[in-house]
Amino acid sequence: MLEPPRTTKETTLPGGRLTQQERQQIATGLADGLAYAEIARRLDRPTSTITREVMRNGGPAGYRADLAHRATEHRAHRRRQTASRGPKALQEEHGRDAEAVRAYEETLTTVFIASGTPKMMARVMSCLTLTDSGSLTAAELARRLEVSPASISKAVTFLEGQGLIRREREEGRRERYVVDDDIWHQSMMASARSTAQVAETSRQGVGVMGRGTPAATRLENIARYLDFISEAITRAAEQAREVLHTKPEGTSDGPAGPRPDHG
């Protein structure tokens, strides 16, 4: 159970930075189904602090205290680096708030990590996703993320294998890595095919284990379940594909494109 903080000299003031212990208590509270307001009350914090902490670090279903604490430390480190580089480092395209962009990139990276993507791959994916062009070279990625070219090479190889990015060769030998509007559709279709393969393999085991036995029944039920999931993913992905190519309403560069028919 989430315990209220003890009243000692070490208790963090409401306006101060969250401690790792407090983040662990937030995670416990979320697991117990407590509302943000109740967690805030037990920690003697404003509800807005708890809400912001959870939403920028994976949401109520994906919040992890250790990842949230590391992400916060990294953001603080990035802020110190930015301050040391001077005002030019704060410039962002389209008048964006540079600090807000960096904070959101950390949030997106944390969500990717929580979903199972390795950290370096998650950072590359977030970086590409948040560029207006949707593409960067290896050198540009290494400079933006402040890592070695070898780290970028390993990350893009993994992401390409997952169908999350693609390569484009420019003049000479330089390659550009791209996240475009259809990448997520291709990723969903690859997931459906992978799920269908597990279903088929499970079905093959029914005869091996002896139809009617507990193990065979379990395999048969797994196959039926995964068949349904695979078909549902494929059907939903095809029906929603045009959404990836639809311009949201209210954008300034032209009318919105077609919208999916929800009946």
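This text goes with the structure placed above it.
Residues numbered from 1 in each chain as written. Predicted model: local features only at pLDDT ≥ 70, side-chain atom pairs only at ≥ 80, totals over all residues. Heavy atoms only, no water.

Asks: Summarise the environment of Pro 118; cite the residues concerned and give the values.
Replies: Position of Pro 118 among the secondary structure elements: in the loop between helix H6 (98–114) and helix H7 (119–129). Exposure remark for Pro 118: the relative accessible area of 33% places this residue in the partly exposed category. (Helix = DSSP H or I, 4+ residues; strand = E, 2+ residues; numbered from the N terminus. Buried < 20%, exposed > 50% of the residue type's maximum accessible area, 1.4 Å probe, protein only.)

Asks: Could you give an account of the side chain of Glu 53, with specific residues and numbers?
Replies: Inspection of the secondary structure puts Glu 53 in helix H3 (residues 47–55). Judged by its relative accessible area of 5%, Glu 53 falls in the buried class. Here the side chain of Glu 53 touches Arg 23 through a polar contact of 2.8 Å, side chain to side chain. Only 2.7 Å separates the side chain of Glu 53 from the side chain of Tyr 63, close enough to count as a polar contact. Residue contacts for Glu 53: discarding those within four places in its chain leaves Leu 18, Arg 23, Ile 26, Tyr 63 and Ala 68. (Polar contact = N/O pair within 3.5 Å; in protein donor to acceptor, adjacent residues only side chain to side chain. Contact = heavy atoms within 4.5 Å.)

Asks: Lay out a nonpolar patch on the surface with the relevant residues and their values.
Replies: Side chains of Trp 184, Met 188 and Leu 244 sit close together on the surface and give an oily, nonpolar patch of about 250 Å² of accessible area. Residue position: Trp 184 is located in helix H10 (residues 183–209). Judged by its relative accessible area of 34%, Trp 184 is partly exposed. (Patch = residues over 30% accessible without salt bridge, like charges linked within 9 Å, V, L, I, M, F, W, Y side chains within 5 Å. Areas by Shrake-Rupley, 256 points an atom, 1.4 Å probe, with all protein chains shown as cover. Salt bridge = Lys/Arg side-chain N within 4 Å of Asp/Glu carboxyl O.)

Asks: Can you tell me about helix H8 (residues 138–145), naming the residues and giving the values?
Replies: Along H8, the positions that sit buried rather than exposed are Leu 141, Ala 142 and Leu 145. Viewed end-on, H8 has its buried residues packed into an arc of 100 degrees, placing them on one side of the element. Residues of H8 that are exposed and angled more than 90 degrees away from the buried face: Ala 139 and Arg 143. In this structure, the buried side of H8 is in contact with H6, H7, strand E1 (135–137), helix H9 (149–161) and strand E3 (175–178). (Arc of directions from axis to C-beta.)

Asks: Can you explain the pattern of salt bridges? Please cite residues and give values.
Replies: As enumerated under the stated definition, the model contains 15 salt bridges in all. When the shortest N-O distance is used, the salt bridge between Arg 167 and Glu 160 registers 2.6 Å. Residue class for Glu 160 comes out partly exposed when judged on its relative accessible area of 33%. Salt-bridge contacts for Arg 211 lead to Glu 220; the nearest nitrogen and oxygen are separated by 3.3 Å.

Asks: Quick rundown of the packing of helix H1 (residues 20–31) against helix H2 (residues 36–43)? Include the residues and the values.
Replies: Here H1 crosses H2 at 145 degrees, and the two axes come no closer than 10 Å. Here the hand of the crossing between H1 and H2 comes out right-handed. Every residue of H2 that contacts H1 at Glu 22, Gln 25, Ile 26, Gly 29 and Leu 30 is listed here: Tyr 36, Ile 39 and Leu 43. A per-class count over the contact of H1 with H2 returns five nonpolar, two polar and one charged. (Axes fitted to C-alpha atoms, helices over the stretch in contact; angles between N-to-C directions. Left-handed = near helix turned anticlockwise from the far one by under 90°. Nonpolar A, V, L, I, M, F, W, Y, C, P; charged D, E, K, R; others polar.)

Asks: Go over the pairing of E3 with me, naming the residues and quoting the values.
Replies: For a regular strand, the rule is simple: side chains alternate between the two faces of the sheet. Burial along E3 is two-sided: Glu 175 and Tyr 177 facing one way and Arg 176 and Val 178 facing the other are all buried. Bridging between E1 and E3 involves three bridges; their strand directions are antiparallel. Across the sheet, residue Leu 136 finds its bridge partner in E3, namely Tyr 177. Where strand E2 (residues 166–169) meets E3, four bridges bridge the pair, whose relative direction is antiparallel. (Pairing = 2+ DSSP bridges.)

Asks: Could you give an account of H3, naming the residues involved and the relevant values?
Replies: Of all the residues in H3, the buried ones are Thr 49, Ile 50, Glu 53 and Val 54. One face of H3 carries all of its buried residues, which in axial projection span an arc of 120 degrees.

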